[in-house]
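These are the residues of each chain, in order.
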Amino acid sequence: MPLPEAPTLEFLEATETTIQVEFKPNESISTYELQWKPIEANWDSAASAAVQSSGTIKTCKTEAYNLEPGTTYCVRLVCVQDEEKGKPSKELILDTEQVGCAPKNEGGCGCIIQ
């Protein structure tokens with residue numbers, strides 16, 4: 001029996017080096033693979049991370065990591081079972097943050113613009 005299509009990814013947050021996403025897992029699948037690549041790269045060279053789920057988890061959060069700042073990435077999810085991979089989810093196209101003097105909290109970053 002073929003594996004189901006992976007659940008839809010929802011964007012949560014991007015930093016300079018990570019992109020965080022979440023999804024609602026399928027009750028019959030316990031292992032997923034999050035895949036990511038720069039937009040111009042092929043999926044053959046994509047990085048990936050395993051994501052474990054159980055039937056009791058309503059939402060899984062995971063992230064793509066070791067990313068380059070200010071870069072556009074494609075992110076997708078795949079169901080995995082016994083070495084077999086299902087059809088990937090719809091791709092998210094997201095940008096990591098630029099390195100810069102953006103405030104990380106309400107106090108600001110200490111930059112003075114004159």
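Since we're looking at a predicted model, the values are computed, not measured.

(A) Fine view of the overall build of the protein chain. From N to C terminus, the protein chain includes zero helices and eight strands. Starting at the N terminus, the α and β elements of the protein chain follow one another as β-β-β-β-β-β-β-β. Looking at the 114 residues of the protein chain, the share that counts as buried comes to 35%. In the protein chain, 63% of the contacts between residues at least 6 apart in sequence involve partners at least 24 apart. Surface summary for the protein chain: the accessible area is close to 7500 Å², and the carbon and sulfur share equals 47%.

(B) Representation of the sheet that holds strand S1 (residues 10–14) in the model. Spatial strand order, S1-S2-S5: three strands in an open sheet with antiparallel pairing. Looking at the sheet topology across the chains shown, the edges are occupied by S1 and strand S5 (60–64). Taking the axes of each pair of neighbouring strands and ignoring which way they run, one obtains an average angle of 25 degrees across the sheet.

(C) Expanded view of unusual backbone geometry. The backbone of Asn-66 sits at a positive phi, close to 60 degrees, despite the residue not being glycine. Within the secondary structure, Asn-66 sits in the loop between S5 and strand S6 (72–81). Given a relative accessible area of 67%, Asn-66 falls into the exposed group.

(D) Highlighting the pattern of salt bridges. Under the defined criterion, the tally for this structure stands at two salt bridges. A salt bridge links Glu-5 to Lys-87; its shortest N-O distance comes to 3.8 Å. Of this pair, Glu-5 sits in the segment before S1 while Lys-87 sits in the loop between strand S7 (84–85) and strand S8 (92–95); the two residues are 82 residues apart in sequence, bridging distant segments of the chain. Among the residues examined, Glu-5 registers a relative accessible area of 45% and is labelled partly exposed. Among the salt bridges present, the one from Lys-85 reaches Glu-33, with a minimum N-O distance of 3.0 Å. Here Glu-33 lies in strand S3 (residues 31–38) and Lys-85 lies in strand S7, a separation of 52 residues in the sequence.

Conventions adopted
Along each chain, numbering runs from 1 in the same order as the chain's sequence is written. Only residues with pLDDT of at least 70 get local features here, since the model is predicted, and only at 80 or more are side-chain atom pairs given and counted; chain-wide, interface and lining totals rely on the full set of residues. The side-chain quantities take in all heavy atoms of the structure and omit both hydrogens and water. Think of it this way: any DSSP run of H or I at least four residues long counts as a helix, any run of E at least two long counts as a strand, and we number them from the N terminus. Remark: exposure states derive from per-residue accessible area (1.4 Å probe, protein chains only) relative to the maximum for the residue type, with buried under 20%, exposed over 50%, and partly exposed in between. Two residues qualify as a contact provided that any one of their heavy atoms is within 4.5 Å of a heavy atom in the partner residue. Residue exposure ignores everything except the shown protein chains as possible cover, and the areas themselves are Shrake-Rupley values with a 1.4 Å probe. Think of it this way: DSSP has to see at least two bridges between two strands before they count as a pair. Convention adopted: a line fitted to C-alpha atoms gives each axis, helices being fitted over their contacting stretch, and angles between N-to-C directions are expressed from 0 to 180 degrees. Salt bridge criterion: a side-chain nitrogen from Lys or Arg within 4 Å of a carboxyl oxygen from Asp or Glu.

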